[in-house]
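What follows is the residue order along each chain.
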Amino acid sequence: MRVLLVGAGGVGTAITRIAARRPFFEAMVVADYDLARAEAAVAALGGDDRFRPERVDANDEAAVAALLARHACDVLLNATDPRFVMPLFGAARTAGATYVDMAMSLSRPHPERPYEECGVKLGDAQFEEAADWEKAGALALVGMGVEPGLSDVFARHAADELFDEIDEIGVRDGANLTVDGYDFAPSFSIWTTIEECLNPPVVYEDGRGWFTTAPFSEPEVFDFPEGIGPVECVNVEHEEVLLMPRWVDARRVTFKYGLGEEFIGTLKTLHLLGLDSTEPVTVPSAAGPVAVSPRDVVAACLPDPATLGDRMHGKTCAGTWVRGVKDGKPREVYLYHVVDNQWSMAEYGSQAVVWQTAINPVVALELLATGAWSGVGVLGPEAFPARPFLDLLTAYGSPWGMREQ
């Protein structure tokens with residue numbers, strides 16, 4: 001396997017550090033718009049000659065396809081933010097490469113009823129091309145991070161081994177992470193966080209299909225394991241709700257994120273001021289008027305999440321809560337994966353949130369390389385058997401857990 005990794009930020013760099021310990025691939029080209037960032041990611045690996053840096057514009061489909069061809073890469077792993085999903089998705093198809101991402105094509109709210117009906121859903125643009133991928137015998141594995149990704153694997157595992165019928169699947173994400181020296185410092189890309197949290201959340205119900213609610217709706221307190229404890233969680237737009245019902249039978253699917261009152265208040269203020277917008281506005285500068293996206297300005301004003309590891313303390317938990325019936329009796333479980341920031345920094349030099357995201361596509365690549373996973377078309381993690389993934393995740397030294405509720 002020869003991999004083109006596009007994106008050498010926090011998640012991309014963590015991917016290289018995890019993959020460097022595994023023998024399943026022949027080469028990994030680490031490409032970024034900022035060549036220095038790609039070079040730094042490769043240099044940190046101590047001379048592993050399977051890795052080499054390159055510069056590429058993720059928005060330039062032709063350039064990415066040419067880079068895939070030049071290095072004879074048979075897989076494109078997308079570690080950029082969701083704005084670049086479609087050009088990278090297209091480049092992989094043009095080059096005949098397998099495509100893997102951790103976030104799907106962007107949504108657009110319904111123009112008239114945004115908090116009742118779906119407009120363009122997450123991943124719609126990719127699923128529209130599924131027939132072409134199937135016809136070509138090619139695979140696009142979409143949503144293969146931690147959430148979406150591991151959370152979807154947990155849903156498939158629950159359906160295959162833990163339940164006869166599933167009433168509800170609810171992804172629940174929470175943490176007790178703190179960052180020294182900052183009153184507000186998101187542990188993941190603020191660009192993506194704004195996109196997820198301020199768009200109308202999507203809920204799935206059998207018989208009704210997909211529908212939307214208002215941001216931060218249906219608050220609940222969820223008790224997270226391994227010392228994290230109770231965290232208030234709210235509905236947030238996320239890919240799992242769009243992926244799970246395609247392959248797993250469940251009467252209801254939700255995604256709720258533990259944001260906290262202060263974080264929600266900050267996001268609401270950004271929205272009120274129009275600072276969540278991606279539409280450029282013209283502002284004065286020393287060189288004359290310049291067009292900038294308000295959201296990009298917000299991102300530029302905040303610290304890079306990848307650099308916060310030394311200041312972070314605590315744990316992050318990603319998991320899937322499932323309620324249903326097994327052997328005629330009610331059952332309720334929480335399948336989860338916890339990463340302690342102190343451990344991930346000491347072991348890999350990567351902060352917990354980006355490391356937890358990064359390990360899952362590497363595990364998936366190894367399953368594809370060995371043939372344990374295979375398929376054609378545009379497929380989510382639920383389309384593949386869960387047990388090989390969970391066993392290999394444990395073999396990587398990062399075990400998962402299950403709690404009977």
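Reading the values: the criteria
Residues numbered from 1 in each chain as written. Predicted model: local features only at pLDDT ≥ 70, side-chain atom pairs only at ≥ 80, totals over all residues. Heavy atoms only, no water. Helix = DSSP H or I, 4+ residues; strand = E, 2+ residues; numbered from the N terminus. Rg over C-alpha atoms; globule rule 2.2 N^0.38 Å. Contact = heavy atoms within 4.5 Å. Areas by Shrake-Rupley, 256 points an atom, 1.4 Å probe, with all protein chains shown as cover. Core = buried A, V, L, I, M, F, W, Y, C linked by side-chain atoms within 4.5 Å. Buried < 20%, exposed > 50% of the residue type's maximum accessible area, 1.4 Å probe, protein only. Patch = residues over 30% accessible without salt bridge, like charges linked within 9 Å, V, L, I, M, F, W, Y side chains within 5 Å. Salt bridge = Lys/Arg side-chain N within 4 Å of Asp/Glu carboxyl O. Pairing = 2+ DSSP bridges. 1 Å grid on protein atoms, 1.4 Å probe; cavity = no way out; pocket = protein on both sides within 12 Å on 5 of 7 lines; lining within 4 Å. Points joined across faces, edges and corners; volume = space filled by probe spheres on them.

**Q** Tell me about the overall build of the protein chain, and please be specific about residues and values.
**A** On a plain count of helices and strands, the protein chain comes out with 14 helices and 20 strands. For 405 residues, the compact-globule estimate of 2.2 N^0.38 gives 22 Å, and the C-alpha radius of gyration of the protein chain, at 20 Å, lies within 12% of that figure. Overall size of the protein chain, expressed as C-alpha extent along the three principal axes, is 60 × 50 × 45 Å. If you take every contact in the protein chain between residues at least 6 apart in sequence, the share linking residues at least 24 apart comes to 70%. Accessible surface for the protein chain amounts to roughly 16,400 Å². Of this, 49% is attributable to carbon and sulfur atoms.

**Q** Any chance you could break down the nonpolar core for me, citing the residues and the numbers?
**A** Core analysis: the largest hydrophobic core is formed by 87 residues, its most contacted members being Ile15, Met28, Val30, Ile169, Trp373 and Phe389. A per-element tally of this core places helix H13 (residues 352–370) first, with 11 residues. Core analysis: the second largest hydrophobic core is formed by 28 residues, Ala65, Leu67, Leu88 and Val142 among them.

**Q** Report on helix H9 (residues 239–247), specifying residues and quantitative values.
**A** For H9, the buried fraction is high: seven of the nine residues fall into the buried class. Taken as a whole, H9 has its buried residues at Glu239, Glu240, Val241, Leu242, Leu243, Met244 and Pro245. Along its buried surface, H9 packs onto helix H5 (124–127), helix H7 (150–162), strand S7 (165–175), strand S9 (202–205), strand S10 (209–212) and strand S13 (252–257).

**Q** Break down unusual backbone geometry for me, with residues and values.
**A** Note the cis peptide between glutamate 147 and proline 148, where omega equals 0 degrees. Unlike most non-glycine residues, phenylalanine 216 shows phi in positive territory, near 65 degrees. With respect to the helices, strands and loops of the structure, phenylalanine 216 is situated in the loop between S10 and strand S11 (220–224).

**Q** Got a sec to walk through a nonpolar patch on the surface? Specific residues and values, please.
**A** Residues Leu272, Leu273 and Leu275 make up a contiguous nonpolar surface patch of about 320 Å² in total accessible area. Relative to the elements of secondary structure, leucine 272 occurs in helix H10 (residues 261–272). Its relative accessible area of 72% is what places leucine 272 among the exposed residues.

**Q** Explain the pairing of S13 to me, using residue names and the numbers behind them.
**A** Counting buried positions along S13 yields five of six residues, so the element is predominantly enclosed. Bridge analysis of S9 against S13 gives two bridges, and the strand direction is antiparallel. By the bridge assignment, glutamate 205 is partnered in S13 with arginine 252. Relative to S13, strand S12 (residues 229–235) runs antiparallel, the two being bridged by two bridges. Residue pairing in the sheet places valine 234 in a bridge with tyrosine 257 of S13.

**Q** Tell me about the environment of leucine 267, and please be specific about residues and values.
**A** Note that leucine 267 resides in helix H10. By relative accessible area, leucine 267 is classed as buried at 0%. The residues touching leucine 267, leaving out its near neighbours within four places in the chain, are Ile194, Cys197, Leu198 and Phe216.

**Q** Requested: an account of the layout of surface pockets, with residues and values cited.
**A** Within this model, the second largest pocket holds a volume of roughly 460 Å³. Along the walls of the second largest pocket sit 22 residues, with Pro109, Glu195, Asn199, Asp276 and Arg295 positioned nearest its centre. Of all the secondary structure elements, the ones that give two or more residues to the lining of the second largest pocket are helix H8 (190–198) and H10. A per-element tally of the lining of the second largest pocket places H8 first, with four residues.

**Q** Account for the pairing of S12, naming residues and giving values.
**A** Within S12, five of the seven residues are buried, which leaves the element mostly enclosed by the surrounding structure. Across five bridges, the pairing between S11 and S12 is antiparallel. Each bridged residue has a counterpart across the sheet, and for aspartate 223 the counterpart in S12 is proline 230. Following S11, the chain reverses through four residues before pairing antiparallel with S12; glutamate 226 in that reversal takes a positive phi of roughly 55 degrees.

What is shown is where atoms sit, not what they do.
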